Amino acid sequence: SGIPDDVVGLFKENKITGSELLASSMEGLARLGITRTGTLGLLLKEIKLLEQASSDVVTLIEHSPYCFGKILDHLRLKQLHSQGLAKEPALPTVCDLQQSRFEKVVKYYFPGDSAKFILG
């Protein structure tokens, strides 16, 4: 991405987390000792790209209690079935309005073939 090594070193030295980086302003970066205008501009551009990329993840995590409930119910029933305490559960039934979000959440937390365990 073109971020100078000395700037990367500043982030490591100050133990800057991803959340802290996303919350950084030009003034905060300058207080860290980053003074070159071009580097500040580049960092702000990269931070903005990270914010955009992470917004989908935040949406999945914070705004999907319905989807998480469906996933957890299915996993609980699968566990009960494995102990002989319940019959084999059917795949989760998800309302049409939530279907797309449900698939995104499942594929995020159960990547690759493991998503088939819940999606079929």
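Just above, that's the structure.
Residues numbered from 1 in each chain as written. Predicted model: local features only at pLDDT ≥ 70, side-chain atom pairs only at ≥ 80, totals over all residues. Heavy atoms only, no water.

Some details on the nonpolar core
Move 1: In terms of nonpolar packing, the biggest core is built from 10 residues, these being Ile3, Val7, Leu10, Phe11, Leu21, Leu29, Ile34, Leu40, Leu43 and Ile47.
Move 2: Residue assignment for this core shows that the elements contributing at least two residues are α1 (5-13) and α4 (37-62).
Move 3: Leave out the neighbours within four places in its chain, and Leu21 touches Phe11, Ile16, Ile47 and Leu50.
Move 4: The next biggest cluster of nonpolar side chains, apart from the first, holds 9 residues, and it includes Cys67, Phe102, Val105 and Val106. (Core = buried A, V, L, I, M, F, W, Y, C linked by side-chain atoms within 4.5 Å. Buried < 20%, exposed > 50% of the residue type's maximum accessible area, 1.4 Å probe, protein only. Helix = DSSP H or I, 4+ residues; strand = E, 2+ residues; numbered from the N terminus. Contact = heavy atoms within 4.5 Å.)

Quick notes on a nonpolar patch on the surface
Move 1: A contiguous nonpolar patch, built from Leu77, Leu80 and Leu85 and spanning about 270 Å² of accessible area, is present on the exposed surface.
Move 2: Take Leu77: its relative accessible area is 40%, and that puts it in the partly exposed class. (Patch = residues over 30% accessible without salt bridge, like charges linked within 9 Å, V, L, I, M, F, W, Y side chains within 5 Å. Areas by Shrake-Rupley, 256 points an atom, 1.4 Å probe, with all protein chains shown as cover. Salt bridge = Lys/Arg side-chain N within 4 Å of Asp/Glu carboxyl O.)

Considerations on the packing of helix α5 (residues 65-82) against helix α6 (residues 99-109)
Move 1: For the pair α5 and α6, the least separation of the axes is 9 Å and the interaxial angle reads 60 degrees. In terms of orientation, α5 and α6 fall into the oblique class. Judged by the twist between their axes, the crossing of α5 over α6 is right-handed. Residue-level contacts link Cys67, Phe68, Lys70 and Ile71 of α5 to Arg101, Phe102, Val105, Val106 and Tyr109 of α6. (Axes fitted to C-alpha atoms, helices over the stretch in contact; angles between N-to-C directions. Parallel < 35°, antiparallel > 145°, perpendicular 65-115°, else oblique. Left-handed = near helix turned anticlockwise from the far one by under 90°.)

Quick notes on the environment of Glu88
Move 1: With respect to the element layout, Glu88 can be found in the loop between α5 and α6.
Move 2: When its relative accessible area of 43% is taken as the criterion, Glu88 is described as partly exposed.
Move 3: Between the alpha carbons of Glu88 and Leu77 there is a distance of 7.6 Å; along the sequence they are 11 residues apart.
Move 4: For Glu88, the residues in contact, after removing those within four places along its chain, are Lys78 and His81.
Move 5: A distance of 2.7 Å separates the side chain of Glu88 from the side chain of Lys78, its partner in a polar contact.
Move 6: Of the polar contacts made by the side chain of Glu88, one reaches the side chain of His81; its length is 2.8 Å. (Polar contact = N/O pair within 3.5 Å; in protein donor to acceptor, adjacent residues only side chain to side chain.)

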